[in-house]
Amino acid sequence: MKSNEKKDPRITKKYHTWSEVIVNFILLVCLSGSQALISNEYDPIKFISPGQLWAYGSYWAMVALVISLVSAGIRIRKYETPMRRLSRAAKRVASGDFSVFVDNGRAGPKKDYIDVLFDDFNTMVKELGSTETLKNDFIANVSHEFKTPLSIIQNYATALQDESISAETKIEYTQTILDASKKLSVFVSNILKLNKMENEKIRPEPAPYDICRQLCDCALAFEPVWENKNITFDADIEDRAVITADEGLLELVWNNLLSNAFKYTENGGTVTLRQTSADNTVTVRVSDTGCGMDAVTMNHLFDKFYQGDTSHSGEGNGLGLALAKKALDLCGGTITVESEQGSGSSFTVTLPV
């Protein structure tokens, strides 16, 4: 341990002590002395001169001392020193420092259990650092998402106390408060759903149902949206396709994909919904002619709170695709995306029948 480092008060016992070296030395001397007893049966010691006897004894004592010191040195170098380094690093991690990287000081392609232990420790610290970053980002994002609607509710509620405003203005302010509270309610609901999915508190309840009917129902719910934005909606769905899955979880997927498609498609654009069936799978494809995405956005597309196009940030909270991805994982489905900035996006969902 370095002299400028404080000793950990919890450590009250040394792994390596000089008393152990002395004990090992005595044992080896005794073992080497037993050779003299065996030799005495065939070559009596009385016929050996005192000088030879002293030479033999000194030689075996030196051998015992060298073996004791070498074994102690190997143990210190290969075990105790790396363990001290790992102990100091673990203490830093326990105090909240996740920038620690521990090198065991040994080079070479071959690894023993100590080397693997160091590798696993570094991987653990890296994951803990990522988790800490995600936690901080989550708190920051949640705080931001709460702050905006709460500010709207507070400001308009304060304005409603003004008795001089007209009845029409009061209705307008009340509607603004209702919209903000609804957005806040949806946000909290999505967080709770995602948390339950990630902690496996929501388990799929698969049952046979017609996915074509479900797709039609979800699409028709957005009819006012595409009519207001003059969007051409093109649907190509089979008459009937029965799958065994959790209907509620998949409804969450279709609503999020269709909502994003209509949200990011400008007035006069096109949104397409395609559904096809194969022997063991059903494929659903949602395409739009919206703004599209760059490579950076696509890499973070399913991250919580991530929104590539900030111009639409007021219309969502970045949880929709994270929820859809988790729901599909629970249902055994997959989702892929094809997109080019300025040329729209296509999301393809594949589900086992």
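Residues numbered from 1 in each chain as written. Predicted model: local features only at pLDDT ≥ 70, side-chain atom pairs only at ≥ 80, totals over all residues. Heavy atoms only, no water.

As for the packing of helix 5 (residues 211-220) against helix 7 (residues 247-264)
Each pair of packed helices gets described by two things: the angle between the helix axes and the distance between those axes.
Logical step 1: The interhelical angle for the contact between helix 5 and helix 7, taken along N-to-C directions, is 45 degrees, at an axis separation of 10 Å. One way to sum up the angle between helix 5 and helix 7 is to call them oblique. Crossing handedness for the pair helix 5 and helix 7: right-handed. Contacts from Ile211, Arg213, Gln214, Leu215, Cys218 and Ala219 in helix 5 reach Glu247, Leu250, Glu251, Trp254, Asn255 and Leu258 in helix 7.
Logical step 2: Of the residues assigned to the contact of helix 5 with helix 7, the class counts are seven nonpolar, two polar and three charged. (Axes fitted to C-alpha atoms, helices over the stretch in contact; angles between N-to-C directions. Helix = DSSP H or I, 4+ residues; strand = E, 2+ residues; numbered from the N terminus. Parallel < 35°, antiparallel > 145°, perpendicular 65-115°, else oblique. Left-handed = near helix turned anticlockwise from the far one by under 90°. Contact = heavy atoms within 4.5 Å. Nonpolar A, V, L, I, M, F, W, Y, C, P; charged D, E, K, R; others polar.)

Description of the confidence of the model for the protein
Any segment with low pLDDT has predicted coordinates that should not be analysed in fine detail.
Logical step 1: Within the protein, residue pLDDT values average 79, and 78% of them lie at 70 or more.
Logical step 2: By mean pLDDT, helix 1 (residues 18-42) is the weakest element of the protein at 66, and strand 5 (residues 281-288) is the strongest at 94.
Logical step 3: Per-residue pLDDT stays below 50 along residues 310-314; that stretch engages in six contacts with residues further than four places along the chain or on separate chains. (pLDDT = per-residue confidence, 0-100.)

A look at the pattern of salt bridges
If the charged atoms of two oppositely charged side chains come close together, the side chains can form a pair.
Logical step 1: Evaluation of the coordinates by the stated rule reveals eight salt bridges.
Logical step 2: Measuring nitrogen to oxygen at the nearest pair gives 2.9 Å for the salt bridge that ties Arg92 to Asp97.
Logical step 3: Linking Glu338 and Arg285 is a salt bridge whose minimum nitrogen-to-oxygen distance equals 3.3 Å. Linking Glu338 in strand 6 (residues 334-339) with Arg285 in strand 5, this pair joins segments that are 53 residues apart in sequence.
Logical step 4: Judged by its relative accessible area of 49%, Glu338 is partly exposed.
Logical step 5: Ionic contacts of the salt-bridge type, sharing partners, join the residues Arg213, Asp217 and Glu247 into one network. (Salt bridge = Lys/Arg side-chain N within 4 Å of Asp/Glu carboxyl O. Buried < 20%, exposed > 50% of the residue type's maximum accessible area, 1.4 Å probe, protein only.)

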